[in-house]
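# Tertiary structure, described
This is what each chain is made of:
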Amino acid sequence: MSAPAVAPTPTAISLADAAREIVEVGRFLSVRNFVPATSGNFSRRLDANHAAVTRSGVDKGELVDADILALDLHAPPPPGSSAETHLHLHLYRDRPHVAAVLHTHSMVSALLSQLRQGEGELLLRGYELLKALGDTRTHETTVSLRIFPNDQDIPRLAARVSEELARRPEAVAYLIAGHGLYAWGRSMAEARRHTVALEHLLTYELETMKVRR
Ligand SMILES: [Zn+2]
């Protein structure tokens, strides 16, 4: 899962195009039960200084263009934006190659992160599906997925995540204990691929824990 030596900066897109991508990915993730009730949130980079993010309190499988808000990466999030917007903003500021960030609250991400939070990370080894993550080219590798404790103080949580991920430039995702998964990519398609692959990899781990009991 090593990052390329020079990661290209994503091409700028319009708010309308970003909204279309976000509405589409919301439907895709919702039918897979990754964002139950009104949970989860998604964002798309617009340019070097702006991103589009989902409004809070709406079902992510039923998003419309008006639910997608444009915001400045260096300003406080606008009223009505997702409560977890800070967790998106720092990723765009810290990683110029990030084009999209997807946050899910699936059953497996909440359960496994809760069960394994004492370890601080989840080590994924030997699975063919690891090749769906970043630039990983072989199953003969170990991918570490950091598990952060949950925190209702989102700016404080975002500062902690930002500080720790600075030491993990290859990371494409992390878990928040009892809460869910954050995954990102150099395009919306890559962010979606990382999310789906990780949801399956987490399921492998949870099923393995069951059979080893
Ligand atoms: Zn959340």
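The structure under discussion appears in the preceding block.
Below is a short write-up of the structure. (Residues numbered from 1 in each chain as written. Predicted model: local features only at pLDDT ≥ 70, side-chain atom pairs only at ≥ 80, totals over all residues. Heavy atoms only, no water.)

Around the zinc ion, the protein contributes the donor atoms Glu84 (OE), His103 (NE2), His105 (NE2) and His179 (NE2), which lie 2.1 to 2.2 Å from the metal centre. Coordination at the zinc ion is irregular, judged from the 4 donor atoms that bind it and the angles of 90 to 146° they form at the metal. The sequence pattern formed by the donor residues of the zinc ion is E-x18-H-x1-H-x73-H. Of the two residues, Glu84 sits in the loop between strand S3 (68–72) and helix H2 (85–94) while His179 sits in the loop between strand S7 (173–176) and strand S8 (180–185), which places them 95 residues apart along the sequence. Side by side, Glu84 and His179 carry an identical accessibility label, which is buried. (Donors = N, O, S within 2.8 Å, 3.2 Å for Na, K, Ca; no water. Tetrahedral: all angles 85-135°; square planar, octahedral: opposite > 155°, others 65-115°. Helix = DSSP H or I, 4+ residues; strand = E, 2+ residues; numbered from the N terminus. Buried < 20%, exposed > 50% of the residue type's maximum accessible area, 1.4 Å probe, protein only.)

With that out of the way, let us pick up the sheet that holds S7. In any sheet, the strands associate via hydrogen bonds between backbone groups, in a parallel or an antiparallel arrangement. If you trace the 8 strands from one edge of the open sheet to the other, you get S3-S2-S1-S4-S8-S7-S6-S5, paired in mixed fashion. In this open sheet, the two edge strands, each paired with only one partner strand, are S3 and strand S5 (121–125). Strand-to-strand twist in this sheet, taken as the mean axis angle between neighbours without regard to direction, amounts to 20°. Relative to S3, strand S2 (residues 50–54) is paired through 5 bridges, and the arrangement is antiparallel. Note that in S3 the partner of Thr54 across the bridge is Ile68. In the packing of helix H1 (residues 15–31) onto the sheet, the strands contacted are strand S1 (41–47), S2, S3 and strand S4 (100–104), and the crossing angle to S1 comes to about 155°. Strands S1, S4, S5, strand S6 (142–148), S7 and S8 of the sheet are contacted by helix H5 (residues 188–211), whose axis makes an angle of about 145° with S8. (Pairing = 2+ DSSP bridges. Axes fitted to C-alpha atoms, helices over the stretch in contact; angles between N-to-C directions. Contact = heavy atoms within 4.5 Å.)

Bringing the nonpolar core into the picture now. Of all hydrophobic cores here, the largest spans 22 residues; its most connected members are Leu122, Leu133 and Leu198. Mapped onto this core, the elements with two or more residues apiece are helix H3 (107–115), S5, S6, S7, S8 and H5. Counting 21 residues, the second largest nonpolar core, distinct from the first, contains Leu89, Leu91, Ala158 and Ala171. (Core = buried A, V, L, I, M, F, W, Y, C linked by side-chain atoms within 4.5 Å.)

The residue Ser82 is located in the loop between S3 and H2 in this model. Sequence separation of Ser82 and Ser56 is 26 residues, and the distance between their C-alpha atoms is 4.2 Å.

Any functional reading would require information beyond the geometric quantities listed.
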